[in-house]
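Notes for the structure review
Each chain, written out:
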Amino acid sequence: QLQLVESGGGLVQPGGSLRLSCAASGNIFMINMMGWYRRAPGKERELVTLITNDGSTHYADSVQSRFTITRDSANKNMYLQMNNLKPEDTAVYYCHHRSVTLVDYWGRGTQVTVSS
């Protein structure tokens, strides 16, 4: 089993920055891929970014060049640096891990609100 806990959300003005963190505990050796999703009000959950075990990253077009995903070498912590935030980035952000056996694990989410 794997437990994920997000932190770092909050209220920020347009153009501002936030850094989200995801702390993993449990069977960390099982992790194959890590990423962030978000769900905006009235919309479906969408992939924001992911990072694989070999370090390859993928970003949604809407966040490319503004967001950066990183992780520590032990896979215990994953981060999402969000710069130049826009009102349309307002959403609940979820930490996601996929195990080598293709089981998905989710955090409970952290709210990000971009508003003046």
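Below is a short write-up of the structure. Keep in mind it's a predicted model, so treat the numbers as computed, not measured.

Once that is clear, we can look at the overall build of the protein. Within the protein, the regular secondary structure consists of 0 helices and 11 strands. Listed by position from the N terminus, the elements making up the protein come as β-β-β-β-β-β-β-β-β-β-β. In summary, the protein has a C-alpha radius of gyration of 13 Å against a globular reference of 13 Å for 116 residues, a match within 12%. For the C-alpha atoms alone, the extent of the protein along its principal axes is close to 40 × 25 × 20 Å. Across the 116 residues in the protein, those meeting the buried criterion constitute 42%. The contacts of the protein with a sequence gap of at least 6 include a subset with a gap of at least 24, amounting to 54%.

A few words on the state of the cysteines. A covalent bond between the sulfur atoms of two cysteines is referred to as a disulfide. Applying the stated criterion across every chain, the model contains 1 disulfide. Bridging C22 to C95, the disulfide has an S-S length of 1.9 Å. In this structure the cystine formed by C22 and C95 twists about its S-S bond by roughly -65°; its chirality is therefore left-handed. Within this pair, whereas C22 is found in strand 3 (residues 18-26), its partner C95 is found in strand 9 (residues 91-99), the two being separated by 73 residues in sequence.

As a further point, take the packing of aromatic side chains. All told, the structure shown has 1 aromatic pair when counted by the stated rule. Ring centres of Y37 and W106 lie 5.0 Å apart, and the angle between their planes is 70°; on these two criteria the pair is classed as edge-to-face. With Y37 in strand 4 (residues 31-39) and W106 in strand 10 (residues 104-106), the pair connects residues that are 69 residues apart, well separated along the chain. Taking NZ or CZ as reference, R19 lies 4.0 Å from the ring centre of Y79, over its face. The residue whose ring lies beneath R45 is W106, and the NZ or CZ to ring-centre distance is 3.8 Å.

Glancing now at the pairing of strand 8 (residues 77-82). Note that strand 3 and strand 8 share 6 bridges and pair antiparallel. When the sheet's bridge partners are listed, S21 is paired in strand 8 with Y79. Inspection of the sheet shows strand 7 (residues 67-71) paired to strand 8 by 5 bridges, in the antiparallel sense. In the sheet register, T70 faces strand 8, and the bridge partner there is Y79. In textbook terms, the turn of a hairpin is the stretch between consecutive antiparallel strands, and for strand 7 and strand 8 this stretch comprises 5 residues, one of which, N75, has a positive phi near 65°.

With that out of the way, let us pick up the environment of P14. Tracing the backbone through its elements, the reader meets P14 in the loop between strand 2 (10-12) and strand 3. Owing to a relative accessible area of 40%, P14 belongs among the partly exposed residues under this scheme. Considered as a pair, P14 and V114 are 100 residues apart in the sequence and their alpha carbons are 5.8 Å apart.

Thresholds, definitions, all that
Residues numbered from 1 in each chain as written. Predicted model: local features only at pLDDT ≥ 70, side-chain atom pairs only at ≥ 80, totals over all residues. Heavy atoms only, no water. Helix = DSSP H or I, 4+ residues; strand = E, 2+ residues; numbered from the N terminus. Rg over C-alpha atoms; globule rule 2.2 N^0.38 Å. Buried < 20%, exposed > 50% of the residue type's maximum accessible area, 1.4 Å probe, protein only. Contact = heavy atoms within 4.5 Å. Disulfide = S-S within 2.5 Å. Phe/Tyr/Trp six-rings, centres within 6.5 Å; stacked < 30°, edge-to-face > 60°. Lys NZ or Arg CZ within 6 Å of the ring centre and 35° of its normal. Pairing = 2+ DSSP bridges.

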